[in-house]
Amino acid sequence: MITTATRIDVKKVTKSRLSELDMKNLTFGRVFSDHMFVADFANGQWDEARIVPYDKMPMSPSTSALHYGQTIFEGLKAYKNDKGEVLVSRPWANHKRLNISCERMAMPIVPEELFMESLSMLVKLDKDWVPSVPNSSLYIRPFMFSTDEYIGVKPSETYRFIIFTAPVGAYYTAPIRVLVETNYIRAVEGGIGYVKAAGNYGRSLFPTQLAQQRGYQQIIWTDARNHRFIEESGTMNVMFVIDDILITPPLGDTILAGITRDSVLTLARDWGYRVQERKISIDEVVDAHKKGTLQEAFGAGTAATIAHIAAIGFEGRDYELPPVEERIFSNRVSRELDDIRRGKIADRHSWMLKV
Ligand code: COI
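Here the structure is a predicted model, which means the values were calculated and not measured.

## Overview of helix 5 (residues 205-213)
When we look at burial in helix 5, the residues that qualify are Pro207, Thr208 and Ala211. Taken end-on, helix 5 shows its buried residues confined to a sector of 100 degrees, consistent with a single buried face. Facing away from the buried surface of helix 5 by more than 90 degrees, the exposed residues are Leu205 and Gln213. Buried residues along helix 5 sit in contact with strand 9 (176-180) and strand 10 (218-222).

Now the structure itself:
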């Protein structure tokens, strides 16, 4: 039976590293806050829940996650409001998605109480690491991996669940140029594209490297059958504004159910904007560009929130998009999301958790 750990032991750092941090010059993903949460799964239950100083972990070379990839993760962010209170964005949605990943990867689920309590305690303890400068936030990384010291191929019987946090600045510092990928694929029907599994990211690195050598920052992934229908952009969901309609590929087993994706669609619908979750082909995008109706294209993800697309490379041509200043929808949605997260306007969908 899977039960929640009953209590969380806390061992604090003897000396905080916070004074070494330059809050005004944050990049993404290299600096980590003082503490992390750890729990271990064995004998059918989560146990030994603890908050400890962020540190390296000893690991056996035969740890099964290193060989067969039972490794999943989540990403979410915390912000500060004007009163200095800390607000975490949509943790319930991340918990739900984590457990969807668990099921597909034959891993044990994390009970909601354990996820929410550990996350709240950790963020509260390291609240001074939450930046309040514009374009910065505390990135929260929950993840789980198998820990059996065994190299036979089968689901592990033991797992570790960890949450650590990182003060971060912007993921992309400028609009990105993306290349439509028509050779490699990210996900296939029946596969794990909808899961936040490490392997989805590992497999993307080589094609992305090839695109980067050609002057693009990211790839636009297309469907595995014909390479015509657009799926995602790099590590993000992708959206287009064509003729004042917001269009994004529909969810399915090849596309991650992005929480930022959902937030963007929800706000668009709140405003009465026309929204279409439907298949969109690269031919349709190119056609709209030719007609002058392709107004905006952007990636939506936790790390970047909104990543404006400057140009789309396809079949040897670069299709340049209008300047970012002219993009009415994506600028508005980016501003409104930021205002909700920093408590500047009403949290009308109850997305924020005050810790
Ligand atoms: C996201 O933006 O949601 C991501 O998954 C990016 C992360 C892998 C850094």
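There is more to say after this.
## Some details on the packing of helix 2 (residues 91-104) against helix 3 (residues 112-125)
For the pair helix 2 and helix 3, the least separation of the axes is 10 Å and the interaxial angle reads 135 degrees. Accordingly, the angle class assigned to the pair helix 2 and helix 3 is oblique. Helix-helix and strand crossings are classified by hand; for helix 2 and helix 3 the assignment is right-handed. Side by side, helix 2 and helix 3 meet where Pro91, Trp92, Asn94, His95 and Leu98 of the first sit next to Glu112, Phe115, Met116 and Leu119 of the second. Residue composition of the contact of helix 2 with helix 3, by class: six nonpolar, two polar and one charged.

## Notes on the pattern of salt bridges
The final tally for this structure, using the stated rule, is 20 salt bridges. For arginine 348, the salt bridge is made with glutamate 336, and the minimal N-O distance between the two is 2.7 Å. Linking arginine 348 in the loop between helix 8 (328-341) and strand 18 (352-354) with glutamate 336 in helix 8, this pair joins segments that are 12 residues apart in sequence. Given the relative accessible area of 15%, glutamate 336 is considered buried. Bridged by salt links that share partners, the residues Asp40, Arg50 and Arg160 form one connected network.

## What about the packing of helix 6 (residues 259-270) against helix 8?
One way to put it is that helix 6 packs onto helix 8 with a least axis distance of 10 Å and a crossing angle of 105 degrees. Overall, the two elements helix 6 and helix 8 adopt an arrangement that is roughly perpendicular. Listed contacts from helix 8 to Thr260, Ser263, Val264, Leu267 and Ala268 of helix 6 are Phe329, Val333, Glu336, Leu337, Ile340 and Arg341. When grouped by side-chain class, the residues that make up the contact of helix 6 with helix 8 number seven nonpolar, two polar and two charged.

## Thoughts on the side chain of arginine 341
Mapping arginine 341 onto the fold places it in helix 8. This buried residue, arginine 341, is left without a salt bridge; aspartate 338 holds the nearest opposite charge, at 5.5 Å. Within the local environment of arginine 341, its side chain forms a polar contact with the side chain of tyrosine 79, the two groups lying 3.1 Å apart. When sequence neighbours within four positions are dropped, the list of residues in contact with arginine 341 reads Tyr79, Leu87, Ser89, Thr260, Thr305 and Met352.

## Considering the domain arrangement of the protein chain
We note that the domain assignment places domain 1 (3-168) and domain 2 (176-341) within the protein chain. Buried area between domain 1 and domain 2, both sides added, is near 1,700 Å², and the carbon and sulfur share of it is 59%. Among the residues domain 1 hides against domain 2, the three largest losses belong to Phe73, Arg97 and Arg104. Together they make up 37% of the total. Between the two partners, domain 1 and domain 2, sit one salt bridge. For the salt bridge of aspartate 262 with arginine 90, the shortest nitrogen-to-oxygen distance reads 2.9 Å. Taken together, the connections running from domain 1 to domain 2 amount to 12 residue pairs in polar contact (both at pLDDT 80 or more). Those elements giving two or more residues to the side of domain 1 that touches domain 2 turn out to be strand 4 (71-73), strand 5 (76-80), strand 6 (86-89) and helix 2. No other element matches helix 2, which puts six residues into the side of domain 1 that touches domain 2. Partitioning the side of domain 1 that touches domain 2 into residue classes produces 10 nonpolar, five polar and five charged.

What counts and how
- Residues numbered from 1 in each chain as written.
- Predicted model: local features only at pLDDT ≥ 70, side-chain atom pairs only at ≥ 80, totals over all residues.
- Heavy atoms only, no water.
- Buried < 20%, exposed > 50% of the residue type's maximum accessible area, 1.4 Å probe, protein only.
- Helix = DSSP H or I, 4+ residues; strand = E, 2+ residues; numbered from the N terminus.
- Arc of directions from axis to C-beta.
- Contact = heavy atoms within 4.5 Å.
- Axes fitted to C-alpha atoms, helices over the stretch in contact; angles between N-to-C directions.
- Parallel < 35°, antiparallel > 145°, perpendicular 65-115°, else oblique.
- Left-handed = near helix turned anticlockwise from the far one by under 90°.
- Nonpolar A, V, L, I, M, F, W, Y, C, P; charged D, E, K, R; others polar.
- Salt bridge = Lys/Arg side-chain N within 4 Å of Asp/Glu carboxyl O.
- Lys, Arg positive; Asp, Glu negative; His and termini not counted.
- Polar contact = N/O pair within 3.5 Å; in protein donor to acceptor, adjacent residues only side chain to side chain.
- Domains from an automatic or database assignment.
- Buried area = accessible area lost by both parts, 1.4 Å probe.

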